[in-house]
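# Structural characterization, general
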Amino acid sequence: MHERLAEEFAAIGFYLSGHPLDAYAQALKRLGVARFADLLSDARRSSVKATLAGTVIRKQERRSKNGDPFAFVALSDPSGMFEVMVFSEALVQARAFLEAGRSILIRVVGDWMDDELKLRTVSVEDLDKAA
């Protein structure tokens, strides 16, 4: 099933017949994982702290002006696609988990800026290990 989902994503850019996280439904509930869409629908519109699960779509690493590495990581969960920033300290710890197609558990903090939720990564775990 996982291979079929990967082929669907490669062909059309989204998961059609399911999502890789569907197999983790019980574990995600137990771990208190939020869906990205739930964060967007939160009416408080203040600082956000959450645990999300996602399947990595892509990672773009860059360097700040002072040379520190950081990354933009695009993820997908059953509610949609989202992006998080991973700054140098978290990136060093998380780099091994940030491979396309891998499912991860990610703790984030975020703020609303011009009606867009900007998420920063606090920590990353392998979802198989966490589940």
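This section reports on the structure supplied with the text. This one's a predicted model, so the numbers in the text were calculated from it and none came from an experiment. (Residues numbered from 1 in each chain as written. Predicted model: local features only at pLDDT ≥ 70, side-chain atom pairs only at ≥ 80, totals over all residues. Heavy atoms only, no water.)

## Quick look at the overall build of the protein chain
Stated precisely, the cut-off is as follows: Secondary structure elements follow DSSP: runs of H or I of four or more residues count as helices, runs of E of two or more count as strands, with numbering from the N terminus. Residues are treated as being in contact if the distance between any of their heavy atoms lies within 4.5 Å.
Counting secondary structure elements, the protein chain contains 5 helices and 5 strands. Counting helices and strands in the order they occur from the N terminus, the protein chain gives α-α-α-β-β-β-α-β-β-α. Intrachain contacts of the protein chain at a sequence separation of at least 6 include 50% that bridge at least 24 residues.

## Some thoughts on unusual backbone geometry
Test applied: In this scheme, a residue with accessible area under 20% of its type's maximum is buried, one over 50% is exposed, and one in between is partly exposed, where area comes from a 1.4 Å probe on protein chains only.
Unusually for a residue other than glycine, Asp114 sits at a positive phi of about 50 degrees. By the secondary structure assignment, Asp114 is in the loop between strand E4 (103-113) and strand E5 (116-126). Owing to a relative accessible area of 80%, Asp114 belongs among the exposed residues under this scheme. One non-glycine residue, Asp115, lies in positive phi territory at about 60 degrees. Counting through the fold element by element, Asp115 comes out in the loop between E4 and E5.

## Quick word on the pairing of strand E3 (residues 80-86)
Put simply, the test is: Pairing between strands requires that DSSP locate at least two bridges from one strand to the other.
Strand direction decides the pairing type here: strand E2 (residues 69-77) and E3, joined by 7 bridges, are antiparallel. From the neighbouring strand, Ser76 faces E3, where its bridge partner is Met81. Connecting E2 to the antiparallel partner E3 that follows it, the hairpin turn spans 2 residues. Relative to E5, E3 is paired through 2 bridges, and the arrangement is parallel. What sits directly across from Val84, in E5, is Leu119.

## A closer look at the side chain of Ser103
Spelled out, the test is: Think of a polar contact as two N or O atoms within 3.5 Å of one another; within protein, one of them needs to be a possible hydrogen donor and the other a possible acceptor, and neighboring residues in sequence only count if both atoms come from side chains.
In this structure, Ser103 sits in strand E4. For Ser103, the side chain forms a polar contact with the side chain of Thr55, separated by 3.0 Å. Here Ser103 is in contact with Pro20, Leu21, Gly54, Thr55, Asp126 and Leu127, once residues within four sequence places are set aside.

## Considerations on the pattern of salt bridges
Rules: We define a salt bridge as a side-chain nitrogen of Lys or Arg found within 4 Å of a carboxyl oxygen belonging to Asp or Glu.
Inspection of every chain in the model, using the stated rule, returns 7 salt bridges. With a shortest N-O distance of 3.2 Å, Glu61 and Lys59 are connected by a salt bridge. Given a relative accessible area of 30%, Lys59 falls into the partly exposed group. Here Asp111 makes a salt bridge to Arg120, at a shortest N to O gap of 3.3 Å. Several salt bridges share partner residues, and in doing so they unite Lys59, Glu61 and Arg95 into one network.

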